[in-house]
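Working through the structure, step by step
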Amino acid sequence: MIPIKPSEITPKHVYLSRRDFIKAAGVLAGSMALAACGVSTPAPTGSAPADSTVPAADGRKDELGDPVNSYADITNYNNYYEFTTDKEGVAQLAAQFPTTPWDVEVYGLVNKPQKFGVEDLVSRFQPEERIYRLRCVEAWSMVIPWVGFPLSKLLNAVEPTSAARYVRFETIFKPDELPGQKDIWYPWPYQEGLRLDEAMNDLTLLATGLYGGELPAQSGGGIRLVVPWKYGFKSIKAIIKIELTDKQPATMWSSIAPNEYGFYANVNPAVDHPRWSQASERRIGEISRRNTLPFNGYADQVAHLYDGMDLSINY
Ligand code: MTE
């Protein structure tokens, strides 16, 4: 993990009072790391679960010819601060977390607000397999065979009004089951947001499964977002609320450190993180680094969304 100095954080944007902030900053300096992702050694390889809605993906490749990571890598090397900041400790802590039944409420600037069970969403929207690259803001990456459906299908079902401009996502808040949520340093619950046109892009997925099987708790079950052209922290896990709004939503990481984690967070090798380069990355399972691609290799599908925007300012 890569620690941040308390002096690097803009106090104005920090949700704690000044006194709590100083107290928390002391803890932070001693033992915690403030980073949306971190780097450590890859987990051992393993096999995918047997039951499936689509074929297990072992040995398959993405459209650039890169092989999918092993099921064991994907499910034993996770960022999930609600459990722990230790990537290799998430799977064990999440093992007992119940992911079924799971409901997600869609509301706000929509004509048909509704609470959906994930099982109903699965039978209604027929999940498909999507092999996507996931690029963490701290420069490691994986290739992951998700099972899911485009978020646009769900949004169309609730009929956003003409006033809707943004979509806000919120993770379940249950500190007794998600021990990391007892840590007062973070502004729980985890929140993320997209512009409506980003949310409606066909690449934007709600994942309900992985590797042809269920979505394990550590990977974001009951249901999670996957936005493959953005840094991994945008892909919020364990979603229970989706709100259509006319204002750009606050997001967890951009509230904590706005100079480090922007709202857009498009993968961009030309704009360095304030504390490290974004020009290259380490694919989990590989030794040498590879160049990072603009929009994580999805420029053809999404670059037009940002026409006329300065992406060094809107990072
Ligand atoms: N969602 C929640 N609720 N909590 C988190 O800590 N971490 C984010 C994102 N979604 C996170 C989250 C980060 S930093 C990354 S890189 C990805 O999840 C990692 O997804 P993975 O563990 O499935 O690889």
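Conventions adopted
- Residues numbered from 1 in each chain as written.
- Predicted model: local features only at pLDDT ≥ 70, side-chain atom pairs only at ≥ 80, totals over all residues.
- Heavy atoms only, no water.
- 1 Å grid on protein atoms, 1.4 Å probe; cavity = no way out; pocket = protein on both sides within 12 Å on 5 of 7 lines; lining within 4 Å.
- Points joined across faces, edges and corners; volume = space filled by probe spheres on them.
- Nonpolar A, V, L, I, M, F, W, Y, C, P; charged D, E, K, R; others polar.
- Helix = DSSP H or I, 4+ residues; strand = E, 2+ residues; numbered from the N terminus.
- Salt bridge = Lys/Arg side-chain N within 4 Å of Asp/Glu carboxyl O.
- Buried < 20%, exposed > 50% of the residue type's maximum accessible area, 1.4 Å probe, protein only.
- Axes fitted to C-alpha atoms, helices over the stretch in contact; angles between N-to-C directions.
- Parallel < 35°, antiparallel > 145°, perpendicular 65-115°, else oblique.
- Contact = heavy atoms within 4.5 Å.
- Phe/Tyr/Trp six-rings, centres within 6.5 Å; stacked < 30°, edge-to-face > 60°.
- Lys NZ or Arg CZ within 6 Å of the ring centre and 35° of its normal.
- Pairing = 2+ DSSP bridges.
- pLDDT = per-residue confidence, 0-100.

Let us now look at the layout of surface pockets. Computed from the structure, the second largest pocket encloses a volume of approximately 200 Å³. Along its surface, the second largest pocket is lined by 18 residues, and Y231, E260, N266, V271 and Y315 are the ones closest to its centre. Its residues assigned to classes, the lining of the second largest pocket shows 9 nonpolar, 7 polar and 2 charged.

On to empty space enclosed by the protein. The gaps of empty space that remain are located by a probe, the size of a water molecule, rolled over the atoms. A full pass over the atoms with the stated rule returns 2 cavities of 30 Å³ or more. When its volume is computed, the largest cavity comes out at roughly 310 Å³. What lines the largest cavity is a set of 25 residues, and nearest its centre among them are N79, R224, G232, S235 and K237. It is strand β4 (residues 140-150) that provides the largest number of residues to the lining of the largest cavity, a total of 4 residues. Partitioning the lining of the largest cavity into residue classes produces 16 nonpolar, 6 polar and 3 charged. The volume enclosed by the second largest cavity comes to roughly 40 Å³. In this structure, the second largest cavity is lined by R133, L134, R135, W146, V226, V227, P228, K230, G232 and S235. Per-element accounting of the lining of the second largest cavity gives the leading share, 3 residues, to strand β3 (residues 128-135). In terms of residue class, the lining of the second largest cavity is made up of 5 nonpolar, 2 polar and 3 charged.

Enumeration according to the criterion identifies 21 salt bridges in this entry. With a closest N to O distance of 2.9 Å, D62 and R133 form a salt bridge. On the criterion of sequence distance, the pair formed by D62 in the loop between α1 (18-31) and α2 (71-76) and R133 in strand β3 is long-range, its members being 71 residues apart. In terms of burial, D62 and R133 fall into one category: buried.

The N-to-C vectors of helix α4 (residues 118-125) and helix α5 (residues 151-158) enclose an angle of 100 degrees; their axes lie 11 Å apart at closest approach. As judged from the angle between their axes, α4 and α5 are roughly perpendicular. Contacts between α4 and α5 pair L121, R124 and F125 from the former with K153, L154 and A157 from the latter. A class-by-class count of the residues in the contact of α4 with α5 yields 4 nonpolar, no polar and 2 charged.

Take the packing of aromatic side chains next. A full pass over the atoms with the stated rule returns 17 aromatic pairs. Ring geometry for Y81 versus Y186: centroids 5.6 Å apart, planes at 85 degrees, classification edge-to-face. In this pair, Y81 sits in the loop between α2 and α3 (90-94) while Y186 sits in the loop between β5 (166-171) and β6 (191-195), placing the two residues 105 residues apart along the sequence. Across this residue pair, the class does not change: Y81 and Y186 are buried. Site record: aromatic cluster; members linked through ring pairs are Y81, Y186, W188, F233, W253 and Y261. Note that K87 overlies the ring of Y77, its terminal NZ or CZ placed 5.8 Å from the centroid. If you follow K234 out to its NZ or CZ, it ends over the ring of F263, 4.3 Å from the centre.

As paired strands, strand β1 (residues 103-108) and strand β10 (residues 239-245) are joined by 4 bridges and run parallel to one another. For G108, the partnering residue across the bridge sits in β10 and is L244. As judged from the 6 bridges shared by β5 and β10, these two strands associate in the antiparallel manner. By the bridge assignment for β10, F169 is matched with I242.

Our next topic: the confidence of the model for the protein. Scored by pLDDT, the protein comes out at a mean of 87, with 83% of its residues at no less than 70. In this model, residues 1-34 is a region of pLDDT below 50 whose contacts with residues beyond four sequence positions or in other chains number 65 contacts. Counting contacts from residues 38-46, a segment whose pLDDT is below 50, to residues more than four positions away or on other chains yields 33 contacts.

Our focus in this paragraph is the sheet that holds β6. The 5 strands are arranged β2-β1-β10-β5-β6 in an open sheet whose pairing can be described as mixed. The sheet is open, and its two edges are formed by β2 (114-117) and β6, each paired on a single side. This sheet shows a mean twist of 20 degrees between the axes of neighbouring strands, independent of strand direction. Those strands touched by α4 are β1 and β2, and its axis lies near 85 degrees from that of β2. Where α5 meets the sheet, its contacts fall on β1, β2, β5 and β10, and the angle it forms with β10 comes to roughly 60 degrees.

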